[in-house]
Structure formats: C-alpha cells, structure tokens
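An overview of the molecular structure
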Amino acid sequence: MVQRVSTGSPFEATFGYSRAVRHEDSVYVSGTTGYDYASMTMPESVGEQARNALATIDKALREAGSSLQDTVRVVYYVGDRSLVDEVVAAVGPVFKDIRPAASMLIVQMIEEGMKIEIEVTARIGAATSHS
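All residue numbers here refer to positions counted from 1 along the written sequence of the relevant chain. Residue-level local features of this predicted model are given only where pLDDT is at least 70; pairs of side-chain atoms are given and counted only at 80 or more, and the full residue set underlies all totals for whole chains, interfaces and linings. In computing side-chain properties, one takes all heavy atoms of the structure into account and sets aside hydrogens as well as water.

Side note on the pairing of strand β3 (residues 26–33)
Burial status follows relative accessibility: with a 1.4 Å probe on protein chains alone, a residue under 20% of its type maximum counts as buried, one over 50% as exposed, and anything between as partly exposed. Counting from the N terminus, the helices are the DSSP runs of H or I reaching at least four residues and the strands are the DSSP runs of E reaching at least two. Of all eight residues that make up β3, six are buried, and the element is covered over most of its length. Two strands are said to pair when DSSP picks up at least two bridges between them. With four bridges joining them, strand β2 (residues 20–23) and β3 adopt antiparallel strand pairing. By the bridge assignment, Ala20 is partnered in β3 with Val29. Two strands pair when backbone bridges link them, and β3 and strand β6 (residues 116–123) are joined in this way by six bridges, in the antiparallel orientation.

Description of the side chain of Asn52
Structurally, Asn52 is set in helix α2 (residues 46–63). Asn52 gets classed as buried once you look at its relative accessible area, which sits at 12%. At 3.0 Å, the side chain of Asn52 forms a polar contact with the backbone oxygen of Gly34. Sequence-distant contacts of Asn52, defined by excluding residues within four places in its chain, comprise Gly34, Tyr35, Asp36 and Pro43. Residues adjacent in sequence count toward polar contacts only when both atoms are side-chain atoms; beyond that, a polar contact is any pair of N or O atoms within 3.5 Å, and within protein one must be able to donate a hydrogen and the other to accept it. By the convention used here, residues are in contact when the closest approach between their heavy atoms is within 4.5 Å.

Examining the packing of aromatic side chains
For Phe, Tyr and Trp, where Trp contributes only its six-membered ring, two rings pair if their centres lie within 6.5 Å, and the inter-plane angle classes them as stacked under 30 degrees, edge-to-face over 60, or tilted in between. Overall, the coordinates contain three aromatic pairs when judged by the stated rule. Look at Phe11 and Phe15: their rings are 6.3 Å apart centre to centre, the planes differ by 65°, and that puts the pair in the edge-to-face class. One end of the pair is Phe11 and the other is Phe15, both in helix α1 (residues 10–15) and four residues apart, which spans about a single turn. The class for Phe15 is exposed, based on a relative accessible area of 54%. The interplanar angle of 70° and the centroid separation of 6.5 Å between the aromatic rings of Phe15 and Tyr17 together place this pair among those described as edge-to-face. The class for Tyr17 is partly exposed, based on a relative accessible area of 27%. In textbook terms, an aromatic cluster arises when at least three aromatic residues are bridged by ring pairs, as seen for Phe11, Phe15 and Tyr17.

What follows is the structure, encoded as structure tokens:
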C-alpha cells in the first residue's frame, strides 16, 4: 500500500513531490519549511518557523495514520550556525521524550527568508513501542 499526502502547498505541485508518502507502516515526510499556510507568510523567527514546520509535519503524519509521536528519524537543515540554539529550544520540547535518531546540517536555503527545513521518518505504532 502506498498513500500520498498533500498539504496543498504550491511547492508540492511546482516541484512535483508529496508532503508525505506512507508505505506499509513507514511514513516519509518531505523536507518542510516554516511557512505559515494560515497567514501565507514566512515568520522571521527560526523558532516560529520550526514550530510551523512541525505542525505541518504532524498534520501530514496524522493524515497518513501516524503522528509526531511515531517519529523514528528527524533531519534538521538550518540556514546558519547562529540559529542552532533557537532551533533546539523550539524542537527539543517536542522530541525530548520521543528521542528519534537525528541529524542537523548547516545549509544554504533556496529562499532568503527560509531559516530551517525539517524532514521526518515515522513508523506507525512506534509510539507504543518506545521505551
């Protein structure tokens, strides 16, 4: 079974990708930026961008039958080393009990206002097997 999830981002159609793809009990979420789809703006703060990205990711995971609680891998792409502490302050409380495998890379973003992109892999039912 393959299920594709769209969050309606115009980038999904332009770039030709799904926000998330579920294959059997795994859900792969594309890199997600901090765009606020309710206001159609990109917040200035990297912390707010990180929180928005996680909300978009959680919405996609839920549509695929999962949630952030089922995250087994997370990759953070951060636009500047000076932003790391603010990113950690935003994402740490979300993942402190989930404890997925994680990587953080300092990269050049495709648009100037983007400061973070987050990519997640989840396994359906992983939350019930955390120890």
